[in-house]
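# Secondary and tertiary structure notes
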Amino acid sequence: MSGKQETNNSLVAAIREALRKVEAPELRGNLVSLKMVQAIEIENEIAHLHLLLPTPGYPYQEELTERCTRALQGVDGIQRVDLHFDDEVRRDPRVGDKLGLSVKHIFAVASGKGGVGKSTVAVNLAASLAEDGATVGLLDADIYGPNIPMMMGVEEMPPVEGGKLVPAQAHGVRFMSMGFLMPSDRALIWRGPMLHKAIQQLFTDVRWGDLDYLIIDLPPGTGDVQLSLAQTAPLSGGVIVTMPQNVSLADARRGGAAFIQLEVPIIGVIENMSGEIFGSGGGERAAQELDVAFLGRVELDSNVRVGGDAGRPIVLSHPTSAAARSLRQLARLIALRLNTHVADPRPQLKIV
Ligand SMILES: Nc1ncnc2c1ncn2[C@@H]1O[C@H](COP(=O)(O)OP(=O)(O)O)[C@@H](O)[C@H]1O
Ligand SMILES: [Mg+2]
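Residues numbered from 1 in each chain as written. Chains lettered and ligands numbered in written order. Predicted model: local features only at pLDDT ≥ 70, side-chain atom pairs only at ≥ 80, totals over all residues. Heavy atoms only, no water.

### Focus: the packing of helix H6 (residues 192-204) against helix H7 (residues 224-232)
One can describe the packing of H6 onto H7 by two numbers: an axis separation of 9 Å at closest approach and a directional angle of 50 degrees. As far as their axial angle goes, H7 and H6 are oblique. Considering how the two elements wind past one another, H6 and H7 form a crossing that is right-handed. Contacts from Gly 192, Leu 195, His 196, Ile 199, Gln 200 and Phe 203 of H6 reach H7 at Asp 224, Val 225, Ser 228, Leu 229, Gln 231 and Thr 232. (Axes fitted to C-alpha atoms, helices over the stretch in contact; angles between N-to-C directions. Helix = DSSP H or I, 4+ residues; strand = E, 2+ residues; numbered from the N terminus. Parallel < 35°, antiparallel > 145°, perpendicular 65-115°, else oblique. Left-handed = near helix turned anticlockwise from the far one by under 90°. Contact = heavy atoms within 4.5 Å.)

Next comes the structure, spelled out in structure tokens:
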């Protein structure tokens, strides 16, 4: 081994040691323990660090660059640090292969009652993650008001190929809806075994392909859909959508109850339609009541509704609006929480 090579090897070791002291923002651990350091190359006193991010759209690349530069300042023989990023969503071991699906994370969006913007949030989270480069599926399991097809702008029943349904596709997201499987006026007959069969079909008879994230839009509260899901699909976590005003303990509990029924960790609470008209604070209160994280708020903005009605999510139609920014940030935050298993523990509440 040449002398230069040896110097290089010990330099690489010194750099690795220094990177053990660099915490990755929003992730629990340092770059080495999180297995984010893929390669270290040294060239003319420049350290090239190849880092593997846990999800596309990781929002702290600049902060990481600063932290690494600071950490390597004390390393002799290094003048500059260059970061190179790649990303790979890691499969949640809880999701497993039970369904024969190739999905890394499944998470659900729930609410205590209807009309709070649950579907709107689900659609925008899906479009944001897809825009960041993730492969995303969206499953509309709301038997009472399956309006994801309208919000995505594709309302035709998807084709069947080789005995399997091909998911509809819009805005880079593959999606399926209970609405495709049922006549619009027949929600009440979806009970018991038939409903269970339909829920299973949405997983097993749909050609989802490889997905980084599969998002499920749940019906409000608790019920048969949640029960069927609990028996069918292993979920990584769930988020609760609430409105700002007068969130009572009962409302918060109703929102959380779905996840207790599903036995999945609650990632946190999102407050939707925040602003002057409805005020704000209900989301934090709900999070406190449930003892879970408050993830953030989404502003009340008529463009959210207009976009939803026109089949174009606001993150795409008005990407610089406050609501779009909030939704994008929420999508990244949820992706991070899923990828680092920092979902808060499930609250020990009784279903009300
Ligand atoms: N942040 C928001 N600002 C303005 N309108 C919104 C917002 N979020 C949702 N809406 C509108 O509120 C209505 C209910 O939203 P929806 O997503 O269908 O609720 P849910 O799925 O909880 O029943 C829709 O017309 C939607 O466009
Ligand atoms: Mg809905």
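### With respect to the site of ligand 1
Close to ligand 1 lie 16 residues, the nearest being Gly 115, Lys 118, Ser 119, Thr 120 and Asn 272. Take Ser 119: an N or O atom from its side chain is 2.8 Å from an oxygen atom of ligand 1. Taking 560 Å² as the accessible area of ligand 1 by itself, protein coverage stands at 83%. Applying the majority rule of atoms within 2 Å of the grid points places ligand 1 in the largest pocket. At the level of secondary structure, the elements contributing two or more residues to the shell around ligand 1 comprise helix H3 (118-131), strand S12 (266-274) and helix H10 (302-310). When residues of the shell around ligand 1 are assigned to their parent elements, the largest contribution, three residues, is made by H3. Classifying every residue of the shell around ligand 1 by side-chain character gives five nonpolar, seven polar and four charged. (Near = heavy atom within 4 Å. Polar contact = N/O pair within 3.5 Å; in protein donor to acceptor, adjacent residues only side chain to side chain. Areas by Shrake-Rupley, 256 points an atom, 1.4 Å probe, with all protein chains shown as cover. 1 Å grid on protein atoms, 1.4 Å probe; cavity = no way out; pocket = protein on both sides within 12 Å on 5 of 7 lines; lining within 4 Å. Sits in = over half its atoms within 2 Å of the grid points. Nonpolar A, V, L, I, M, F, W, Y, C, P; charged D, E, K, R; others polar.)

### Some points on the domain arrangement of the chain
Split by domain assignment, the chain resolves into domain 1 (3-87) and domain 2 (102-340). Look at where the C-alpha atoms of domain 1 and domain 2 centre, and you get two points 37 Å apart. With nine residues of domain 1 at the contact, the number on the domain 2 side is eleven residues. Taking both sides of the interface into account, the surface hidden between domain 1 and domain 2 amounts to around 810 Å²; carbon and sulfur atoms contribute 66%. The shortest N-O distance in the salt bridge between Glu 26 and Arg 337 comes to 3.3 Å. The interface formed by domain 1 and domain 2 contains four residue pairs in polar contact (both at pLDDT 80 or more). Broken down by class, the residue content of the side of domain 1 that touches domain 2 amounts to six nonpolar, two polar and one charged. (Domains from an automatic or database assignment. Buried area = accessible area lost by both parts, 1.4 Å probe. Salt bridge = Lys/Arg side-chain N within 4 Å of Asp/Glu carboxyl O.)

### Notes on helix H9 (residues 282-290)
Owing to its 3.6 residues per turn, the α-helix aligns residues three or four sequence positions apart on the same side. Turning to H9, its buried residues are Gly 282, Gly 283, Ala 286, Ala 287 and Leu 290. Taken around the axis of H9, the buried residues stretch over an arc of 140 degrees, which confines them to a single face. With its phi angle positive at about 60 degrees, Asp 291 sits one or two positions after the end of H9. (Buried < 20%, exposed > 50% of the residue type's maximum accessible area, 1.4 Å probe, protein only. Arc of directions from axis to C-beta.)

### A closer look at empty space enclosed by the protein
Overall, the coordinates contain one cavity of 30 Å³ or more when judged by the stated rule. Around the largest cavity sit Thr 120, Val 123, Asn 124, Met 151, Val 304, Gly 307, Gly 308, Arg 312, Pro 313 and Ile 314, which together line it. When residues of the lining of the largest cavity are traced back to their parent elements, those giving at least two are H3 and H10. Split into classes, the residues belonging to the lining of the largest cavity amount to five nonpolar, four polar and one charged. (Points joined across faces, edges and corners; volume = space filled by probe spheres on them.)

### A closer look at the sheet that holds strand S4 (residues 102-110)
The strand order S8-S9-S5-S10-S4-S11-S12-S13 describes an open sheet built from eight strands, whose pairing is mixed. The open sheet has two edge strands, strand S8 (168-170) and strand S13 (294-299), and neither has a second partner. Strand-to-strand twist across the sheet, computed as the mean angle between neighbouring axes with direction ignored, equals 25 degrees. Relative to strand S9 (residues 173-177), S8 runs antiparallel, the two sharing three bridges. In the sheet register, Gln 169 faces S9, and the bridge partner there is Arg 174. In this fold H9 packs onto strand S11 (237-242), S12 and S13, with an angle of close to 160 degrees to the strand it touches most, S12. In this fold helix H12 (residues 322-340) packs onto S4, strand S10 (210-217), S11, S12 and S13, with an angle of close to 160 degrees to the strand it touches most, S13. (Pairing = 2+ DSSP bridges.)

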